[in-house]
Amino acid sequence: MTPVLYSYRRCPYAMRARMALSYAQIPVEIREISLREKPAAMLLISPKGTVPVFHQDNLVIDQSLEIMKWALAQNDPDVWYPTDLVSEISDLIEMNDGPFKKILDAYKYPERAIQAGHGERSKVLAMATELFIEPLNQLLTKNKYLLADRITLADIAIFPFIRQFSMVDPVWFLNSEYEELKKWLKYHIESPLFMGVMQKYPTWNDIPLEKK
């Protein structure tokens, strides 16, 4: 069977999975879901109900990073996952997916930040820049991409979240001092790979599970 990817176009986790699968030239049937009406077929194979979910025969992968690694294990023509950078790649992605993602959510939703005790958006922004934005910019003063002069898994795994960060307050980001990060982000946004995976699909529906 053609592999299926349950996806949601704007989800950064789904974005990076789609990018890795496209790069690895793995054909997939994209099933764009509604977050309010999740398809029964997806919930049967992944009860946690989050995207992306990759399904091929008896294989189900419902973590975006694992989908990316699986795709690269099948085909990695430009060596996105070099053995000499595995540790550095892992450390950067862990920072992105853990502490930075929490701060990003607080930055996007200031009312939640206040409830969680983080304070006003300006305070959350300062936390984000100190924790991750400034260090990424520093890395990009040394290399064309985050860890080397070529793209690695870290760039693609992190890019959708920096894109999301930049969209919270586009004027602030445009006027910020992080010139290298802005150039890096612009490159990825305008890349054929990203534009190719951002194609719009109609919402996929299936037959609801029968009530017992």
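Model, not experiment: these values are computed from the prediction.

**Student:** I'd like a description of the overall build of the protein, backed by residues and values.
**Tutor:** Along the backbone of the protein there are 10 helices and four strands. Mapped from its N terminus to its C terminus, the protein presents α and β elements in the order β-α-β-α-β-β-α-α-α-α-α-α-α-α. A compact globule built from 212 residues should have a C-alpha radius of gyration of about 17 Å, and the protein, at 18 Å, falls within 12% of that. Dimensions of the protein, computed from the C-alpha atoms along their principal axes, are close to 55 × 45 × 30 Å. Expressed as a percentage of the 212 residues in the protein, the buried residues total 45%. Long-range pairs, those at least 24 residues apart, make up 71% of the contacts in the protein between residues at least 6 apart in sequence. With the model as given, the accessible surface of the protein reaches about 11400 Å², and the carbon-plus-sulfur share is 53%. Taking the average place of the 25 positive charges on the side chains of the protein and the average place of its 27 negative ones, the gap between the two points comes to 6 Å.

**Student:** So what about the pairing of strand β1 (residues 4–7)? Which residues, and what values?
**Tutor:** Burial along β1 is two-sided: Val4 and Tyr6 facing one way and Leu5 and Ser7 facing the other are all buried. Here β1 runs beside strand β2 (residues 29–32); their pairing, made up of four bridges, is parallel. Within β2, the position partnered with Ser7 by the bridge is Glu32. Taken together, β1, helix α1 (residues 12–23) and β2 form a β-α-β motif whose crossover is right-handed. Relative to strand β3 (residues 53–56), β1 is paired through three bridges, and the arrangement is antiparallel. Among the inter-strand pairings, Val4 is bridged to a residue of β3, identified as His55.

**Student:** How would you explain unusual backbone geometry if you had to name every residue and give the values?
**Tutor:** Geometrically, the link from Val51 to Pro52 is a cis peptide bond, its omega value of 5 degrees lying close to zero. Within the secondary structure, Pro52 is located in the loop between α2 (40–45) and β3. Despite not being glycine, Asp57 has its phi angle at roughly 55 degrees, a positive value. Within the element layout of this structure, Asp57 appears in the loop between β3 and β4 (59–61).

**Student:** An account of the pattern of salt bridges is requested, with residue identities and associated values reported.
**Tutor:** This structure, assessed with the given rule, holds seven salt bridges. Asp105 is the salt-bridge partner of Lys101, the closest N and O atoms lying 2.9 Å from each other. Placement of the pair is Lys101 and Asp105 together in helix α4 (residues 86–108), with a separation of four residues, close to one helical turn. The salt bridge partner of Asp105 is Lys108, with a shortest N-O separation of 3.8 Å. Here Lys108 and Asp105 lie together in helix α4, a separation of three residues that amounts to about one turn.

**Student:** Mind laying out the environment of Glu177, listing which residues take part and the relevant values?
**Tutor:** Here Glu177 shows up in the loop between α8 (170–175) and α9 (179–189). Exposure remark for Glu177: the relative accessible area of 61% places this residue in the exposed category. For the pair Glu177 and Phe159, spaced 18 residues apart in the sequence, the C-alpha separation amounts to 18 Å.

**Student:** Which residues make up the nonpolar core, and what values go with them?
**Tutor:** By size, the foremost hydrophobic cluster in this structure holds 57 residues, and its most contacted members are Phe100, Ile162, Phe165, Leu181 and Trp184. At the level of elements, α1, α3 (64–74), α4, α6 (121–142), α7 (153–168), α9 and α10 (192–197) are the ones that each hand at least two residues to this core. In terms of residues, this core owes the most to one element, α7, which gives nine residues. Apart from the residues lying within four places of it in its own chain, the contact partners of Ile162 are Phe100, Phe132, Ile133, Leu136, Leu181, Trp184 and Leu185.

**Student:** Quick one: what's the story with the layout of surface pockets, residue by residue and with numbers?
**Tutor:** Quantified by volume, the largest pocket comes out at close to 620 Å³. The wall of the largest pocket is formed by 30 residues, among which Arg10, Cys11, Pro12, Tyr13 and Gln164 lie closest to the centre. Sorting the residues of the lining of the largest pocket by element identifies α1, α3, α4 and α7 as the ones contributing at least two each. For the lining of the largest pocket, the residue count by class is 14 nonpolar, five polar and 11 charged.

How each quantity is defined
As a convention, each chain's residues are numbered from 1 in the sequence order in which they are written. Given that this is a predicted model, residues contribute local features only at a pLDDT of at least 70 and side-chain atom pairs are listed and counted only at 80 or more, while totals for whole chains, interfaces and linings are drawn from all residues. To obtain the side-chain values, all non-hydrogen atoms of the structure were used and water was disregarded. Secondary structure elements are defined from DSSP: runs of H or I of at least 4 residues count as helices, runs of E of at least 2 residues count as strands, and each element is numbered from the N terminus. Atoms counted for the radius of gyration: C-alpha only. Globule rule: 2.2 Å times residue count to the power 0.38. Note on classification: 1.4 Å probe, protein chains only; a residue is buried when its accessible area is under 20% of the maximum for its type, exposed when over 50%, partly exposed between these limits. The contact criterion used is simple: two residues touch if any of their non-hydrogen atoms lie within 4.5 Å. Per-residue and other accessible areas follow the Shrake-Rupley method at a 1.4 Å probe size, with only the shown protein chains counted as cover for residues. Here the positive residues are Lys and Arg and the negative ones are Asp and Glu; neither His nor the chain ends is included. Lys charges are placed at NZ, Arg charges at CZ, Asp charges at CG and Glu charges at CD. For two strands to pair, DSSP has to find at least two bridges joining them. With the strands pointing away from the viewer, any crossover whose connection runs clockwise from the first strand over the helix to the second is right-handed. In what follows, salt bridge is the name for a side-chain nitrogen of Lys or Arg lying within 4 Å of a carboxyl oxygen of Asp or Glu. Take the buried residues of types Ala, Val, Leu, Ile, Met, Phe, Trp, Tyr and Cys, join any two whose side-chain atoms come within 4.5 Å, and each joined set is a nonpolar core. Whether a set of points on the 1 Å grid over the protein atoms alone is a cavity depends on a 1.4 Å probe fitting there but being unable to get out, while an open set qualifies as a pocket with protein on both sides within 12 Å along at least five of seven lines; lining residues are those with an atom within 4 Å of a point. Grid points are joined across faces, edges and corners, and a volume is the space filled by probe spheres set on the points. When residues are sorted by character, Ala, Val, Leu, Ile, Met, Phe, Trp, Tyr, Cys and Pro go into the nonpolar class, Asp, Glu, Lys and Arg into the charged class, and all the rest, Gly among them, into the polar class.

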